[in-house]
Amino acid sequence: LMTSFTRIAIVLSFVRQALSLQGAPANQIIIGLSLFLTFFIMNPVWQNVESNALRPYRDGQLTSAEALERATVPVREFMLGQTRPKDVELFVGIAKLGPTPPEELPLKVVVPAFIMSELRTAFQMGFLLFVPFILIDLVVATVLMSMGMFMMPPTTISLPLKILLFVLVDGWNLVVRSVVLSFGG
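This section reports on the structure supplied with the text. (Residues numbered from 1 in each chain as written. Predicted model: local features only at pLDDT ≥ 70, side-chain atom pairs only at ≥ 80, totals over all residues. Heavy atoms only, no water.)

### What to know about the nonpolar core
Applied cut-off: As used in this record, nonpolar core signifies buried Ala, Val, Leu, Ile, Met, Phe, Trp, Tyr and Cys residues forming a set joined through side-chain atoms within 4.5 Å. For every residue, the accessible area (1.4 Å probe, protein chains only) is compared with the maximum for its type, and the residue is labelled buried under 20%, exposed over 50%, or partly exposed between those bounds. Throughout, a residue-residue contact means that at least one pair of heavy atoms, one from each residue, lies within 4.5 Å.
Ranked by size, the top nonpolar core spans 40 residues in total, and within it I8, V11, F78, M79, V175 and V179 carry the most contacts. Contact partners of V11, with chain neighbours within four places excluded, come to A122, M125, L129, V175 and V179.

### Looking at the packing of helix 2 (residues 27-58) against helix 3 (residues 64-82)
Stated precisely, the cut-off is as follows: In this analysis, axes come from line fits to C-alpha atoms, helices being fitted only over the stretch in contact, and the angle between any two N-to-C directions falls in the range 0 to 180 degrees. Under the scheme used here, helices are H or I runs from DSSP no shorter than 4 residues and strands are E runs no shorter than 2 residues, and both carry numbers assigned from the N terminus. Relative orientations are named as follows: roughly parallel for angles under 35 degrees, roughly antiparallel for angles over 145 degrees, roughly perpendicular for angles from 65 to 115 degrees, and oblique for any other angle. With the far helix as reference, a near helix turned anticlockwise by less than a right angle produces a left-handed crossing, and one turned clockwise produces a right-handed crossing. Residues are grouped as follows: Ala, Val, Leu, Ile, Met, Phe, Trp, Tyr, Cys and Pro are nonpolar; Asp, Glu, Lys and Arg are charged; all remaining types, including Gly, are polar.
Contact pair helix 2 / helix 3: the axes reach a minimum separation of 9 Å and the direction vectors enclose 165°. As the angle between them shows, helix 2 and helix 3 are arranged roughly antiparallel. Taken as a pair, helix 2 and helix 3 cross one another with a handedness that is right-handed. Contacts from I41, M42, V45, N48, V49, N52, A53, P56 and Y57 of helix 2 reach helix 3 at S64, A67, R70, A71, P74, V75 and F78. Looking at the contact of helix 2 with helix 3 residue by residue, the classes come out as 12 nonpolar, three polar and one charged.

### Structural notes on the pattern of salt bridges
To keep it simple, the criterion reads: Salt bridge, as used here: a side-chain nitrogen of Lys or Arg that lies within 4 Å of a carboxyl oxygen of Asp or Glu.
Using the criterion set out here, one finds five salt bridges in the structure. Residues R7 and E118 are paired through a salt bridge, measuring 2.5 Å at the closest nitrogen-oxygen approach. A residue pair is termed long-range when its members are at least 10 positions apart, and R7 in helix 1 (residues 5-18) and E118 in helix 5 (residues 107-146) qualify at 111 residues. Assessed through its relative accessible area of 1%, R7 is described here as buried. For E118, a relative accessible area of 1% corresponds to the buried category. The salt bridge partner of K162 is D137, with a shortest N-O separation of 3.2 Å. Linking K162 in helix 6 (residues 154-168) with D137 in helix 5, this pair joins segments that are 25 residues apart in sequence. According to the relative accessible area criterion, D137 is partly exposed, its value standing at 25%. Linked by salt bridges that have partners in common, E50, R55 and R58 make up one network.

### Some thoughts on helix 4 (residues 85-95)
Defined as follows: Directions pointing from the helix axis toward each C-beta atom define the arc.
Buried within helix 4 are the following residues: D87, V88, F91 and V92. Burial along helix 4 is one-sided: seen end-on, the buried residues are contained in an arc of 135°. Facing away from the buried side of helix 4, by more than 90 degrees, are the exposed residues P85, K86, E89 and I94. Contact partners of the buried residues in helix 4: helix 3 and helix 5. The first or second residue beyond helix 4 is K96, which carries a positive phi of 55°.

Written out as structure tokens, the structure is:
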């Protein structure tokens, strides 16, 4: 939850639902792609943790408490970079902290604010992904109704059209690019 995984998994799930595909791609594919994209996006943060906290700790230059404190700095920076100020303010108020500089915010405030912001961002991206596919469904349903074909399910016609559109616009490339770039990459 403290990485980019949540947003990616939700957006990819929205893609599958927007295409009206229940089982394709399978959950394992969505989770696998989410994990690898998370590794890609989080790599600079993890390298920072490795060089500034883990390596000095293994070399005996830091105590475990000092290493943990150093490791939280880049993770906190990443999370705060993706978190809406309104969400941070909500949890600062709930924790009754008062004015606190961002670098001194405890993780008990930063983590839930980050998760709330990730959910909001993922749902916004999911909504934008849904719009063109809903329009296809509406157009197909309207055309079928105007032709008097009341008994034919609109999904019979719209599903292949949605898949065709997604393939023609290189949908996976666009979705992955949008998700990765949404983290400032």
